[in-house]
Amino acid sequence: MPGPLAPSSEPAPPPRPQVVLGAVTTGLLNTSEPLSLDAARQALALVPGVQADWRQYPVEQVVSPDLYFGLDCRLFVGSGSQPRIIGTARARAVLTAGHFLQGSASVEVLLGASKRRLPWSHYMAHTGVAESINKANPADIVTGFLRDRPGKSLLDLGNTGAHVMSLLDQAPQIDRRARLKTQTHRLLWAAHVQEDAEPDGHVDAGDDGVFRVQMSVTASQLPDFMEMCEILALHHWLLTALKNAFDRSSRTGPSAERELEAALSYLAHVWNPRAHLPHAMRGFWDALEDAAQLTWEWQTTLTRVRDKVSLLTRKAIEETLLKEVL
Amino acid sequence: MVTYSPSRAAEPPAPVFREHHRGTTVKELSLSHLSVEVGHFYMDELENGEAPILAQFQRVKPWLDAARMSAVSGGSKPRVSTCFLIDDYFQSWPDAPEIMGKLLSLSQQAGVTIDYVARESACARRADGFAVAELLANRLLEEPEPDQDTGGRPPAITSGWLSNGKPTREAAILNAMEAHTWEAPLEYGKRNHSIYVDVELWQDGAEPGADREDVLGRRVYSCPFLAAVWQLVRLGLLRKDGVPALEVTDFDGQWKAEWSQFPDIIKVNPNAAPFYAYQSLSIMPQNFLPIETAVRNIVDHFVFDRDVMAKLDRRAQQEKIVVPEVISQRMSHHFLPGGK
């Protein structure tokens, strides 16, 4: 005998988030040599029972399973009251070339979804989404989030990404003996989700060294956009790390060679922003390259580093020869 | 005449080179519409006389029939399977074959066919030694504190407790200068009034600083925690490497002498509908109500795997079945009136 239909009627299609906010933190994995693909896959299996995703060509990359963080906090907006959001942020660790670690966190924001905090099971049925209790203008939220001034009880996805990175600190695969001094970087992004939107946006380089990316995208382009932000964050970090090593080498005197050697062996081979760049983001990337010329700057800096290493080597040889002659 | 044709963005060409290895591929499961748990006994009750066991199965029978009639099946013939969980985690006595024989014949006598038998111990650690309970322990997310959690709180649960809010604060721990001597507990998702629930998930017996293997080896899981594992396994939601965390083995015709030698889930009825199901029903004596409340609290904090959920959703859609989004709403209970 056929059973009755469900007691509840067909659920309405889930409301679409109007805004998606994200942060990518990037740094050097604290290990002397890059992890092999196998070691990286073990280290990034951050959720028991789920293996990490990976690719091998042209640059090895391993992506951890998603992790979730509870949110009940405020969003900064320029005027009016700060909307309160409740839900979960989604985050993952990405390891590129066995050495460059990123914590990538995001949250889809549903505006004006409810009037009070609902039972937690409601939010757990829609992970990666946070619902705002009060109404707000999507454009204000995008601007407010990218402003990124620390404030009590304001959403801080950079912190989420940093936490994901810290999960690898205790991994048995790493020896905690990286030879290059670097700093962790943060990139912020915000997407205004609009159907029929062509990927259209811009990148702001702030005086605090943070890149801020803003874009209008369709819901289906979101994963591509997020991946592009991770690629941009990684390459901005690589460029900064190489430039900093070069600058330090001018100041440090005798240890200059060691500094440059580490920079060359760690960083020189990995510049390839188009390696995993999603097809839908190529147009935007080309426009960005045209304006910011990151690849040109990388090549120039790399040439300067190599020239300096050649000069230092020649000097060292000459000194040795001189000693022998004397 | 002016015709207007919108410019179309060129379709992106098919990629020449593709590579993206999924670490885990989720297995497609055969699913029943409903999984019914037909009663529950503590081990000492199974050891004792036959009459109370038969009586419970007789009380289960009409509700099992009702469940078969009301299973949500999208218009097709309902697939309903029954299961029974053996309580062998907290006490386990060595006459397993005798108990199994008694259990199956008494249930049959009451008209209740048991399709699958599982062991509660397997919900903690599988027959092959894998720590199943830790799959759930690592997928629990504590509720954020109102207006406090900005995204940086580590999601891992270290205390062994899981609540739905903020506990009572007593005078002793408040600053002596403060006017209030007592602060009420709070359920974060309350409607008007709070029902604050705090559930013990496990107790750790290892010394502080012990390594993880030692900690897990001496961890004792609570009954609601293992029951939450059991519910999530039945619903096909708890997986290891894409396959169910506990898998079904056909009965080989002979019961092993020790419970620990039993497979994790045994199919005792060869003609049974699939073990895993879109929805679950547990029929049990009403003294289990507090435990099941705790189970729901745990399940309400479970982070599902997106790929697993997407596969289940797609399958339900194909079968024209509406499955509630909230996992604990897929679980229902019937508590038998009276004592045990």
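It should be emphasised that the depicted structure is a prediction, and the values quoted were computed from it without experimental measurement.

## A look at the overall build of chain B
When helices and strands are counted, chain B shows nine helices and 15 strands. Based on the C-alpha atoms only, the size of chain B along its principal axes is roughly 90 × 70 × 45 Å. The burial tally for chain B puts 38% of its 340 residues in the buried class. Taking all contacts inside chain B whose residues are at least 6 apart in sequence as the whole, residues at least 24 apart take part in 77%.

## Focus on the packing of helix α2 (residues 50-70) of chain B against helix α3 (residues 96-109) of chain B
Each packed pair of helices is defined by two parameters, the angle between the axes and the distance between the axes. Residue and element names in this part refer to chain B. Between α2 and α3, whose axes approach to 8 Å, the crossing angle comes to 45°. On the basis of their axis angle, the class for α2 and α3 is oblique. Helix-helix and strand crossings are classified by hand; for α2 and α3 the assignment is right-handed. Across the interface between the two elements, Glu50, Ile53, Leu54 and Phe57 from α2 touch Lys102, Leu106, Ser107 and Gln109 from α3. A breakdown of the residues in the contact of α2 with α3 according to their chemical character gives four nonpolar, two polar and two charged.

## Here's the deal with the domain arrangement of chain B
All names here are of chain B. Parsing chain B into structural domains produces domain 1 (32-139 + 222-336) and domain 2 (142-200). The straight-line distance from the C-alpha centre of domain 1 to that of domain 2 is 32 Å. Listed as interface residues are eight residues of domain 1 and, on the opposing side, seven residues of domain 2. Residues of the side of domain 1 that touches domain 2, tallied by class, amount to four nonpolar, four polar and no charged.

## Considerations on the pairing of strand β7 (residues 129-132) of chain A
Residues and elements named next belong to chain A. Side chains Val129 and Glu131 project from β7 onto one buried face, and the interleaved Ala130 and Ser132 project onto a second face that is buried too. Pairing of strand β5 (residues 84-96) with β7 involves three bridges; the strand directions are antiparallel. Note that in β7 the partner of Ile85 across the bridge is Ser132. As paired strands, strand β6 (residues 100-110) and β7 are joined by three bridges and run parallel to one another. Pairing of Val109 across the sheet is with Ala130, part of β7.

What counts, and at which threshold
- Residues numbered from 1 in each chain as written.
- Chains lettered and ligands numbered in written order.
- Predicted model: local features only at pLDDT ≥ 70, side-chain atom pairs only at ≥ 80, totals over all residues.
- Helix = DSSP H or I, 4+ residues; strand = E, 2+ residues; numbered from the N terminus.
- Buried ≥ 20, exposed ≤ 12 C-beta atoms within 10 Å, placed from the backbone.
- Contact = placed C-beta atoms within 7 Å.
- Axes fitted to C-alpha atoms, helices over the stretch in contact; angles between N-to-C directions.
- Parallel < 35°, antiparallel > 145°, perpendicular 65-115°, else oblique.
- Left-handed = near helix turned anticlockwise from the far one by under 90°.
- Nonpolar A, V, L, I, M, F, W, Y, C, P; charged D, E, K, R; others polar.
- Domains from an automatic or database assignment.
- Pairing = 2+ DSSP bridges.

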